[in-house]
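So the chains spell out like this:
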Amino acid sequence: MTGNAATVSRKVAALLLAVCVDLSLFYAAGLVATRSEFGHLTRLWAHAALRGSALTAVTLLILGDLDPLLTRVIAAHSLLPAVFETGTDALYHEDTERGSSVDVRSWLMCAGASLAAALFWEITVPDADDAAAGKEKKQKARVLFVRVLRLYRPEYLLLLGGLVMLTLAVFCEMFIPFYTGRVIDILGTRYQPNEFVSALLLMGLYSLGSSVSAGCRGGILLCAISSFTCRMKVKLFGALTKQEIGFFETTKTGEITSRLSKDTTLMGRAVCLNVNVLLRTFIKTLGMIALMMSLSWKLTFLMLMETPVAGLIQNVYDTRYQRLSLAVQDSTAQAAEVVNEVVSSIHAVRSFNTEKHEARRYDDCLMDTHNLKTQQTYTTSFNGSVCVCGIMLYYGRLFIQSGQMTTGNLVSFILYQSDLGENIRTLTYIFGDMLNSVGAAAKVFEYLDRKPEVCMEGTLKPDQLTGNVLFHKVNFAYPKHPNKAVLQDFSLELKSGQMTALVGQSGNGKSTCVSLLERLYEQQEGEILLDNEPLKSYDHRFLHKKIAVVSQEPVLFSGSIRDNIAYGLAECSLDEIQEAARKANAHDFIMKLEKGYNAEVGEGGGHLTKSGKQQIALARALVRQPQVLILDEITSSLDMDSEKKILQTLARCPNQTRLVIAHKLENIVMADQIVLMEDSRVQEQGTHQELMDMQGSYYKLWNDAHRTTEDNGHTHILNI
Ligand SMILES: Nc1ncnc2c1ncn2[C@@H]1O[C@H](COP(=O)(O)OP(=O)(O)OP(=O)(O)O)[C@@H](O)[C@H]1O
């Protein structure tokens, strides 16, 4: 607290001393001006240098250092009179009243304008070291904003077209108040029909030019936004599909779809439209200031004094606005998630009679969003302007009385002033909106930049693959439950040309071995080798062609049977498809269908029986001629005949490594090795006979499964 008070008093002392020093120099300059033998401009520039040095020295002496904002204020404040008078000299070749402007009002005007300029710079122009700082820390809003602009590169031509139209529209718009004032002057003083008509014509021309160009600008920009949004969606979708399965299990679907549909649109729209508004307002503001200067520079400076106050207050609100925007986005995603969850589990909702509860849950989410949006609206409606209109009118009247301006000039000035105040507020407000759009961009970039935990950058594509697979001391836990080990110190070899069967109680990690072989997840420790090379060093496409999996619940896509069997293969002839279907015992049933291989399977394979789906999935695996074929509990949904035929087919693949997960033990007695999993490890390993001879867990399992029950005279084989 004491430290804070000392800092504040040091700042106040620095401010007071600087004001005293500056005012003294300012009045001294006026005094010198009346007696000076030097040129007017030389004296002004020398004086600017002196004021700059004196103010810098005072600040350094008391505060110890100069922050960038102070440097800009001091520079602008010291140089402003010299720049202004040099400019006037050069443009109009007229000398301003030397010395007469040396009063406290012109000093105040200069101070206000310098502060306004420095604050405007502070708010709009990013510091040079921001990019580096942004990289080191989080992705900062401004850095993100520049990144979005860079992503707009393919649309730069369209943006340029939009910019040309925008400049044209602003240029035309700017002259309308000017000619309004002129018309009033012509009507009020000496009425000249020609002048009146030409002023009216010009006014009409500028109005037409302004509306046509504004329309073209809007169309071009919307075109650019649409093209950008499409590109971003595709890019984000591509990045999402590369993520590991764990990402989808730990990230809510509603959140992903919201990023893809809402945030990409928001990012494209808001950034481009904000830049459009920013440029339009900026160009218009500059043009208006120039025109207002030509009408009355004194009134212009007075006007500009409104800027810093409005800017400062607006900045505080921007921070709050950005926080609320992020909260709104999260809350919307949460509501979408509830809908998703309920729709996908509608059976459970209905049978537990929780419709009302779910509707309330959705209502709560929507109310949260509503409340946040209301707060956001209040924040947006904040108007940080300070009214200087009264003071301006007072001075305007004085200037008209002293003949420094006409009534028409004052009308034009007031029209500009009301627009300019709005523009300056827009310039400060637009940053709040830009930060909002950047909030959406940050979320999109978060996914775009995310490196999948299971990398797919392997390049190995050997011509020959024997298909030897080795799990070596593998430890694995699912990302959703990182503390629950599913595989522990798991070692297993799958030999080429052999059939290995994985058996064990449900939940022992058999399917997890398959998922690791498919590289859906990455083991935390240990290695999985294929032909002595780590799985991750293989090319992603190559690996998935060489290792094919048929799972318990095969996924088919709507389309024909032919499309489903050839799924993911660029070139695949009908002969190859039929050959694979024969091996999968699917050919006969396909040929019985009216359209044969062109028959539609329906959404998710809904037109086929469970057994039919399984056979198509097996044909899809076999058509790839994989080196490693994995069947994860597929026979459970097959009829007896198909089951027998498929097992015969499997036995006829001497060059393939086959891994079968089975619950029906009699299906795997012919396997070259049977591996019994228990407690996340390999418990027993050997042929059926060897394991039976051991009389261990497998033996027990077999006997349990084949426990005969005398039930209506039938013998049941129990599945484990
Ligand atoms: N995606 C997942 N996220 C989190 N835990 C999972 C996931 N998949 C499986 N598990 C858990 O991992 C353990 C092993 O499951 P796994 O499916 O590999 O066993 P399994 O032996 O193949 O069982 P089943 O014969 O019933 O298919 C189980 O406790 C299961 O609940």
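Residues numbered from 1 in each chain as written. Predicted model: local features only at pLDDT ≥ 70, side-chain atom pairs only at ≥ 80, totals over all residues. Heavy atoms only, no water.

J.: Is there a simple way to think about the site of the ligand in this case?
T.: Taken together, 15 residues sit near the ligand, with K484, S506, G507, S511 and T512 positioned nearest. The side chain of T512 places a nitrogen or oxygen atom 2.4 Å from an oxygen atom of the ligand. In the complex, the protein chains occlude 72% of the 630 Å² of accessible area that the ligand would expose alone. Ranked by residue count, the leading element in the shell around the ligand is helix 17 (residues 510-517), at three residues. Grouping the constituent residues of the shell around the ligand by class yields three nonpolar, nine polar and three charged. (Near = heavy atom within 4 Å. Polar contact = N/O pair within 3.5 Å; in protein donor to acceptor, adjacent residues only side chain to side chain. Areas by Shrake-Rupley, 256 points an atom, 1.4 Å probe, with all protein chains shown as cover. Helix = DSSP H or I, 4+ residues; strand = E, 2+ residues; numbered from the N terminus. Nonpolar A, V, L, I, M, F, W, Y, C, P; charged D, E, K, R; others polar.)

J.: How should I be thinking about helix 2 (residues 40-63) in this particular structure?
T.: For helix 2, built from 24 residues, the straight-helix expectation of 34 Å at 1.5 Å per residue is met to within 8% by its first-to-last C-alpha distance of 34 Å. Those residues of helix 2 that fall on the buried side of the exposure criterion are H40, R43, L44, H47, A48, R51, G52, L55, V58 and T59. Phi turns positive one or two residues past the end of helix 2, at G64, with a value near 90°. (Expected span 1.5 Å × (residues − 1). Buried < 20%, exposed > 50% of the residue type's maximum accessible area, 1.4 Å probe, protein only.)

J.: For this particular structure, what's the right way to read helix 17?
T.: A turn of α-helix holds 3.6 residues, and therefore any two residues three or four places apart point the same way. Of all eight residues that make up helix 17, seven are buried, and the element is covered over most of its length. Every buried residue of helix 17 is accounted for by K510, T512, C513, V514, S515, L516 and L517. Two residues or fewer past helix 17, R519 is found with a positive phi of approximately 65°.

J.: What's the story with the pattern of salt bridges in this structure? I'm lost.
T.: Pairing is possible between side chains that carry opposite charge, provided their charged atoms lie close to one another. The final tally for this structure, using the stated rule, is 13 salt bridges. A salt bridge links R450 to E244, with the nearest nitrogen and oxygen atoms 3.0 Å apart. Here E244 lies in the loop between helix 8 (193-241) and helix 9 (245-250) and R450 lies in the loop between helix 16 (407-448) and strand 1 (469-477), a separation of 206 residues in the sequence. Under the relative-accessibility criterion, E244 is labelled buried at 7%. For D330, the salt bridge is made with R259, and the minimal N-O distance between the two is 3.9 Å. (Salt bridge = Lys/Arg side-chain N within 4 Å of Asp/Glu carboxyl O.)

J.: I would appreciate a short explanation of the nonpolar core in the present structure.
T.: With 46 residues, the main nonpolar core has I561, I565, L618, I668, I674 and Y698 as its most contacted residues. Take this core: its biggest share by element is six residues, from helix 22 (residues 610-622). Once residues lying within four places of it in the same chain are set aside, the contact partners of I565 are I577, A581, Y597, I616, A619, R620 and V623. Core analysis: the second largest hydrophobic core is formed by 29 residues, L465, L487, L530 and L535 among them. (Core = buried A, V, L, I, M, F, W, Y, C linked by side-chain atoms within 4.5 Å. Contact = heavy atoms within 4.5 Å.)

J.: Got a minute to help me understand a nonpolar patch on the surface in this structure?
T.: A cluster of nonpolar side chains, namely L157, L160, L163 and V164, defines an oily patch on the protein surface of about 390 Å² accessible area. On the basis of relative accessibility, which here comes to 47%, the residue V164 falls in the partly exposed class. (Patch = residues over 30% accessible without salt bridge, like charges linked within 9 Å, V, L, I, M, F, W, Y side chains within 5 Å.)

J.: Before we go on, may I ask you to explain the confidence of the model for the chain in this structure?
T.: Caution applies to low-pLDDT parts of the model: their predicted coordinates are not meant to be read in detail. For the chain, the average pLDDT comes to 79, and 82% of its residues sit at 70 or higher. Predicted confidence in the chain is weakest over helix 5 (residues 130-136), with a mean pLDDT of 46, and strongest over strand 1, with 92. Taken together, the stretch residues 128-139 has pLDDT below 50 and engages in 12 contacts with residues farther than four places along the chain or on a different chain. Every residue in residues 708-720 is under pLDDT 50, and counting partners more than four places away or in other chains gives 18 contacts. ipTM for the predicted complex: 0.96, alongside a pTM of 0.59. (pLDDT = per-residue confidence, 0-100.)

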